[in-house]
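An overview of the molecular structure
One letter stands for each residue in the lines below.
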Amino acid sequence: MAIRNIIKEGDEILAKKCRPVEKFDQKLVTLLEDMAETMASAGGVGLAAPQVGILRRAVVIDVGEGLIELVNPRIVSHEGEQQEVEGCLSCPGEYGITTRPAKVTVEAQDRSGETIQVQGEGLLARALCHELDHLDGVLFKDHVVRMLSPEELEEE
Ligand code: ZN
(Lines give C-alpha, C1' and ligand atoms only; values in the text may rest on other atoms or scores of the structure.)
Protein backbone atom coordinates (compact mmCIF):
# COMPACT_ATOMS: atom_id res chain seq x y z
CA MET A 1 0.00 0.00 0.00
CA ALA A 2 1.09 3.54 -0.59
CA ILE A 3 -0.10 7.01 0.22
CA ARG A 4 -1.01 8.90 -2.94
CA ASN A 5 -1.06 12.63 -3.56
CA ILE A 6 -4.50 14.20 -3.04
CA ILE A 7 -5.47 16.53 -5.88
CA LYS A 8 -6.74 19.92 -4.75
CA GLU A 9 -9.59 22.09 -5.97
CA GLY A 10 -8.67 24.04 -9.10
CA ASP A 11 -7.20 20.99 -10.86
CA GLU A 12 -9.43 20.19 -13.84
CA ILE A 13 -9.27 16.45 -13.06
CA LEU A 14 -11.76 17.07 -10.23
CA ALA A 15 -14.29 18.48 -12.71
CA LYS A 16 -14.22 15.45 -15.02
CA LYS A 17 -16.67 12.59 -15.25
CA CYS A 18 -15.19 9.20 -14.37
CA ARG A 19 -15.46 6.07 -16.51
CA PRO A 20 -16.80 2.80 -15.08
CA VAL A 21 -14.37 0.22 -13.71
CA GLU A 22 -14.34 -2.71 -16.13
CA LYS A 23 -11.43 -4.84 -14.92
CA PHE A 24 -11.56 -6.30 -11.41
CA ASP A 25 -7.86 -6.99 -11.26
CA GLN A 26 -4.88 -6.46 -8.98
CA LYS A 27 -4.56 -2.88 -10.22
CA LEU A 28 -8.03 -2.12 -8.83
CA VAL A 29 -7.20 -3.77 -5.49
CA THR A 30 -4.01 -1.70 -5.24
CA LEU A 31 -5.95 1.47 -6.08
CA LEU A 32 -8.61 0.77 -3.41
CA GLU A 33 -5.99 -0.07 -0.78
CA ASP A 34 -3.92 3.00 -1.59
CA MET A 35 -7.06 5.15 -1.45
CA ALA A 36 -7.96 3.74 2.00
CA GLU A 37 -4.47 4.42 3.30
CA THR A 38 -4.42 7.92 1.78
CA MET A 39 -7.84 8.72 3.31
CA ALA A 40 -6.79 7.46 6.75
CA SER A 41 -3.50 9.35 6.76
CA ALA A 42 -5.32 12.56 5.77
CA GLY A 43 -7.94 12.04 8.48
CA GLY A 44 -10.84 11.93 6.01
CA VAL A 45 -14.05 9.88 6.05
CA GLY A 46 -14.14 9.34 2.30
CA LEU A 47 -12.04 9.53 -0.85
CA ALA A 48 -12.90 9.15 -4.53
CA ALA A 49 -10.52 7.87 -7.24
CA PRO A 50 -10.40 11.21 -9.14
CA GLN A 51 -8.98 12.79 -5.96
CA VAL A 52 -5.86 10.69 -6.51
CA GLY A 53 -5.91 11.39 -10.26
CA ILE A 54 -7.68 8.21 -11.44
CA LEU A 55 -10.79 8.88 -13.54
CA ARG A 56 -12.56 5.64 -12.62
CA ARG A 57 -15.74 5.08 -10.63
CA ALA A 58 -14.35 3.89 -7.29
CA VAL A 59 -14.63 5.33 -3.77
CA VAL A 60 -13.66 4.41 -0.23
CA ILE A 61 -15.52 5.53 2.89
CA ASP A 62 -14.90 5.05 6.59
CA VAL A 63 -17.06 7.03 9.00
CA GLY A 64 -15.78 5.01 11.94
CA GLU A 65 -17.91 1.93 11.28
CA GLY A 66 -15.39 0.09 9.11
CA LEU A 67 -14.01 0.53 5.63
CA ILE A 68 -16.43 0.50 2.70
CA GLU A 69 -15.11 0.03 -0.84
CA LEU A 70 -17.53 0.90 -3.65
CA VAL A 71 -16.90 0.27 -7.32
CA ASN A 72 -19.29 1.67 -9.94
CA PRO A 73 -21.66 2.91 -7.21
CA ARG A 74 -25.02 4.55 -7.84
CA ILE A 75 -27.73 5.85 -5.54
CA VAL A 76 -30.84 3.71 -5.97
CA SER A 77 -33.03 5.47 -3.40
CA HIS A 78 -32.95 8.37 -1.00
CA GLU A 79 -35.30 9.88 1.54
CA GLY A 80 -35.55 12.87 3.83
CA GLU A 81 -33.17 15.77 4.13
CA GLN A 82 -30.37 16.91 6.43
CA GLN A 83 -28.28 20.06 6.67
CA GLU A 84 -24.85 19.63 8.21
CA VAL A 85 -21.30 20.95 7.96
CA GLU A 86 -19.27 19.35 5.20
CA GLY A 87 -15.67 19.57 4.02
CA CYS A 88 -13.45 17.84 1.46
CA LEU A 89 -9.83 16.61 1.43
CA SER A 90 -9.48 18.43 -1.91
CA CYS A 91 -10.56 21.75 -0.36
CA PRO A 92 -8.44 21.96 2.81
CA GLY A 93 -9.59 24.36 5.50
CA GLU A 94 -12.94 25.08 3.86
CA TYR A 95 -16.26 24.00 5.30
CA GLY A 96 -19.85 24.72 4.39
CA ILE A 97 -23.37 23.67 5.23
CA THR A 98 -24.90 21.39 2.61
CA THR A 99 -28.32 19.91 2.05
CA ARG A 100 -28.21 16.15 1.57
CA PRO A 101 -30.69 13.27 1.84
CA ALA A 102 -31.11 11.94 5.40
CA LYS A 103 -30.87 8.36 4.16
CA VAL A 104 -29.55 6.80 0.96
CA THR A 105 -29.24 3.34 -0.52
CA VAL A 106 -26.33 2.71 -2.86
CA GLU A 107 -25.84 -0.22 -5.16
CA ALA A 108 -22.28 -0.96 -6.22
CA GLN A 109 -19.75 -3.69 -6.87
CA ASP A 110 -17.07 -4.85 -4.48
CA ARG A 111 -13.40 -5.33 -5.40
CA SER A 112 -14.17 -8.67 -7.03
CA GLY A 113 -17.16 -7.45 -9.03
CA GLU A 114 -19.93 -8.83 -6.81
CA THR A 115 -23.03 -6.65 -6.46
CA ILE A 116 -23.42 -5.11 -3.01
CA GLN A 117 -25.86 -2.71 -1.37
CA VAL A 118 -25.01 -0.15 1.29
CA GLN A 119 -27.51 1.86 3.30
CA GLY A 120 -26.47 4.97 5.14
CA GLU A 121 -28.00 7.55 7.43
CA GLY A 122 -26.54 10.71 8.91
CA LEU A 123 -22.81 11.07 8.29
CA LEU A 124 -22.65 7.92 6.16
CA ALA A 125 -25.45 9.21 3.91
CA ARG A 126 -23.58 12.49 3.48
CA ALA A 127 -20.29 10.71 2.77
CA LEU A 128 -21.94 8.46 0.17
CA CYS A 129 -23.49 11.45 -1.63
CA HIS A 130 -20.27 13.48 -1.40
CA GLU A 131 -17.99 10.73 -2.76
CA LEU A 132 -20.38 9.67 -5.53
CA ASP A 133 -20.57 13.32 -6.63
CA HIS A 134 -16.79 13.34 -7.14
CA LEU A 135 -17.25 10.63 -9.80
CA ASP A 136 -19.30 13.10 -11.84
CA GLY A 137 -16.97 16.04 -11.29
CA VAL A 138 -19.13 17.64 -8.60
CA LEU A 139 -17.67 19.18 -5.44
CA PHE A 140 -19.53 19.77 -2.14
CA LYS A 141 -19.42 23.48 -2.85
CA ASP A 142 -21.96 22.91 -5.62
CA HIS A 143 -24.41 21.83 -2.88
CA VAL A 144 -23.41 24.36 -0.29
CA VAL A 145 -26.13 26.45 1.31
CA ARG A 146 -23.59 28.64 3.09
CA MET A 147 -19.81 28.48 3.58
CA LEU A 148 -18.61 28.81 7.18
CA SER A 149 -16.85 32.06 8.07
CA PRO A 150 -13.34 32.10 9.58
CA GLU A 151 -14.91 32.90 12.98
CA GLU A 152 -17.20 29.90 12.79
CA LEU A 153 -14.27 27.70 11.74
CA GLU A 154 -12.42 28.61 14.92
CA GLU A 155 -15.38 27.33 16.92
CA GLU A 156 -15.54 24.03 15.03
ZN1 ZN B 1 -14.50 15.46 -1.37
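Residues numbered from 1 in each chain as written. Predicted model: local features only at pLDDT ≥ 70, side-chain atom pairs only at ≥ 80, totals over all residues. Heavy atoms only, no water.

Right, let's get into helix α1 (residues 26–42). Across its 17 residues, α1 extends 24 Å between first and last C-alpha, which sits within 8% of the 24 Å expected from 1.5 Å per residue. Within the sequence span of α1, burial applies to Leu28, Val29, Leu31, Leu32, Asp34, Met35, Ala36, Thr38 and Met39. In this structure, the buried residues of α1 make contact with β1 (46–48), β2 (58–61) and β3 (68–79). Taken from the residues just after α1, Gly43 is the one with a positive phi, measuring 75°. (Helix = DSSP H or I, 4+ residues; strand = E, 2+ residues; numbered from the N terminus. Expected span 1.5 Å × (residues − 1). Buried < 20%, exposed > 50% of the residue type's maximum accessible area, 1.4 Å probe, protein only. Contact = heavy atoms within 4.5 Å.)

This part is about the pattern of salt bridges. If you walk through the whole model with that rule in mind, you get 12 salt bridges. Salt-bridge contacts for Glu12 lead to Lys16; the nearest nitrogen and oxygen are separated by 3.7 Å. Taking relative accessible area as the criterion, Glu12 reaches 57% and is therefore assigned exposed. Notably, a salt bridge pairs Lys141 with Glu94, separated by 2.7 Å at the nearest N-O pair. (Salt bridge = Lys/Arg side-chain N within 4 Å of Asp/Glu carboxyl O.)

Further remarks concern the sheet that holds strand β4 (residues 82–87). Strand order across the open sheet formed by 3 strands is β4-β5-β8, with antiparallel pairing between neighbours. Every interior strand has two partners, whereas the edge strands, β4 and β8 (144–147), have only one. Each adjacent strand pair in this sheet contributes to an overall mean axis angle of 30°, direction not counted. Judged from the 6 bridges that link them, β4 and strand β5 (residues 95–100) form a sheet pairing that is antiparallel. By the bridge assignment, Gln83 is partnered in β5 with Thr99. In the packing of helix α2 (residues 122–134) onto the sheet, the strands contacted are β4 and β5, and the crossing angle to β4 comes to about 60°. (Pairing = 2+ DSSP bridges. Axes fitted to C-alpha atoms, helices over the stretch in contact; angles between N-to-C directions.)

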